[in-house]
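Architecture at a glance
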Amino acid sequence: MTQDDKWNAIDDFIVETFLEEDPALEVAQAACDAAGLPKIQVAPLQGKLLMMLARALQARSILEVGTLGGYSTIWLARGLAEGGRVTTLELDPRHAEIAERNFENAGLADCVTVRVGSALESMAALHSESFGPFDLVFIDADKPSTPDYFDWAVKLARVGSLIVVDNVVREGAILAAQSDNKHIKGLRAFYARAAADPRVTATAFQTVGHKGHDGLAIVQVTQAP
C-alpha cells in the first residue's frame with residue numbers, strides 16, 4: 001500500500017465511522033458535477049469540522065468567501081444557532097444559481113444569502129453597511145487575494161470570532177519562498193500578515209486524504225478590530 005493509498009483508506013474509515021448518508025449533500029455534489037464545476041469544494045470531514053466550529057461558537061452570523069456550488073455553505077448553515085444566517089460571496093453568477101438550488105433542496109434557503117460579484121467589493125460593502133460582526137468567516141476563494149480577504153475578515157469580526165482559511169499548504173508548495181506562482185505568493189503573504197497582526201492569534205495544520213496534501217489555517221480575533 002502506497003502512502004497515498006493509506007491516507008485515502010484512513011479517510012474512508014473516518015468517513016464511514018463519523019458521517020452518515022446525507023441526501024442533501026449528495027444531491028448538491030451531483031448538481032455541481034453535472035454542471036462541470038471544478039472539484040475544489042471541501043472534503044466531507046472538513047465540512048463537518050466547519051459545522052462543529054459554528055456550533056461551538058453558537059454562531060448567529062457566518063461569512064463565507066467563495067460559494068462555488070454551496071457544498072461548504074450547507075455545512076456552515078447547519079451549524080448556525082437558531083435565527084442565524086450565512087452570507088456567502090460568489091463571483092460567478094452561474095455558480096451562485098447552482099448553489100441557490102442546492103440550498104433550496106437542503107431546506108436552507110431561508111438562512112443563506114448569496115451576494116454575487118467581487119468578494120473584495122462585497123466585503124467592503126458589508127463593512128460600509130455595518131453588517132455583522134460575523135462570528136465565523138470561512139475563506140476559500142482565489143488564493144492571490146487571500147491576504148486582502150483576511151484583512152476584511154478581521155474588520156468584519158468581533159473579539160472571539162474565528163477565521164478559517166482553506167488550502168494553505170498546497171502539497172508543500174507553501175515552502176517555496178521565492179516562488180513566482182501567484183497562488184503561493186498570496187498564501188505566503190497571508191501567513192506573514194496574520195503572524196504580524198496584533199489583533200489575532202493563528203495556527204495551521206496539514207491535511208491528507210482523498211483531496212491530497214493540503215491544510216487549514218484557523219485564526220482567532222483576540223482584540224477589537
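If you're wondering where the values come from, they're calculated on a predicted model, not measured in any experiment.

Quick notes on the rules
Residues numbered from 1 in each chain as written. Predicted model: local features only at pLDDT ≥ 70, side-chain atom pairs only at ≥ 80, totals over all residues. Heavy atoms only, no water. Helix = DSSP H or I, 4+ residues; strand = E, 2+ residues; numbered from the N terminus. Rg over C-alpha atoms; globule rule 2.2 N^0.38 Å. Buried < 20%, exposed > 50% of the residue type's maximum accessible area, 1.4 Å probe, protein only. Contact = heavy atoms within 4.5 Å. Areas by Shrake-Rupley, 256 points an atom, 1.4 Å probe, with all protein chains shown as cover. Lys, Arg positive; Asp, Glu negative; His and termini not counted. Charge placed at Lys NZ, Arg CZ, Asp CG, Glu CD. Polar contact = N/O pair within 3.5 Å; in protein donor to acceptor, adjacent residues only side chain to side chain. Salt bridge = Lys/Arg side-chain N within 4 Å of Asp/Glu carboxyl O. Expected span 1.5 Å × (residues − 1). Arc of directions from axis to C-beta. Phe/Tyr/Trp six-rings, centres within 6.5 Å; stacked < 30°, edge-to-face > 60°. Lys NZ or Arg CZ within 6 Å of the ring centre and 35° of its normal.

Tallying secondary structure elements over the chain gives eight helices and seven strands in all. A globule of 225 residues ought to have a C-alpha radius of gyration of about 17 Å, and the chain, at 17 Å, matches this closely. Here the C-alpha coordinates of the chain stretch approximately 45 × 45 × 30 Å along the principal axes. Burial analysis of the chain (225 residues in total) assigns 47% to the buried set. Within the chain, counting contacts between residues at least 6 apart in sequence, those at least 24 apart form 71% of the total. For the chain, the accessible area works out to roughly 11100 Å², and carbon and sulfur atoms hold 53% of it. Of the side chains in the chain, 20 bear a positive and 30 a negative charge, and the two mean positions are spaced by 5 Å.

To continue, consider the side chain of glutamine 41. If you trace the backbone, glutamine 41 turns up in the loop between helix H2 (23-34) and helix H3 (44-57). The buried category is assigned to glutamine 41, whose relative accessible area is 17%. Within the structure, glutamine 41 has its side chain in polar contact with the side chain of glutamine 29 (distance 3.0 Å).

Next up on the list: the side chain of aspartate 214. Here aspartate 214 shows up in strand S7 (residues 214-221). Of the buried charged residues, aspartate 214 lacks a salt bridge, with arginine 170 as the closest side chain of opposite charge at 5.3 Å. For aspartate 214, the side chain forms a polar contact with the side chain of asparagine 167, separated by 3.2 Å. Engagement of the side chain of aspartate 214 in a polar contact is seen with the backbone nitrogen of valine 169, the distance being 3.1 Å.

This part covers helix H8 (residues 182-196). Counted at 1.5 Å a residue, the expected span for H8 with its 15 residues is 21 Å, and the 21 Å between its end C-alpha atoms agrees. Here H8 has its buried residues at Ile184, Gly186, Leu187, Phe190 and Ala194. All buried residues of H8 project into a common sector of 165 degrees when viewed along the axis, lining one side. Among the exposed residues of H8, those oriented more than 90 degrees off its buried face are Lys182, Ala195 and Ala196. Buried residues along H8 sit in contact with helix H7 (146-155), strand S5 (162-166), strand S6 (200-207) and S7.

Let us now look at unusual backbone geometry. Between glycine 132 and proline 133 the backbone carries a cis peptide bond, its omega angle lying at 5 degrees. Of note, the phi angle at glutamate 171 is positive, near 55 degrees, even though the residue is not glycine. On the secondary structure map, glutamate 171 appears in the loop between S5 and H8.

The next subject is the packing of aromatic side chains. Under the defined criterion, the tally for this structure stands at three aromatic pairs. Taking 5.8 Å as the distance between ring centres and 25 degrees as the angle between the ring planes, the aromatic pair formed by phenylalanine 131 and phenylalanine 134 counts as stacked. What makes phenylalanine 131 partly exposed here is its relative accessible area of 32%. For phenylalanine 134, a relative accessible area of 0% corresponds to the buried category. Taking the centre distance of 5.6 Å and the plane angle of 75 degrees together, the rings of phenylalanine 150 and phenylalanine 190 count as edge-to-face. Of this pair, phenylalanine 150 sits in helix H7 while phenylalanine 190 sits in helix H8, placing them 40 residues apart in sequence. Note on accessibility: phenylalanine 150 and phenylalanine 190 belong to one class, buried. One aromatic cluster in this structure is built from Phe150, Phe190 and Tyr191. Above the ring of phenylalanine 131, the side-chain terminus of arginine 115 is found at 5.6 Å from the ring centroid.

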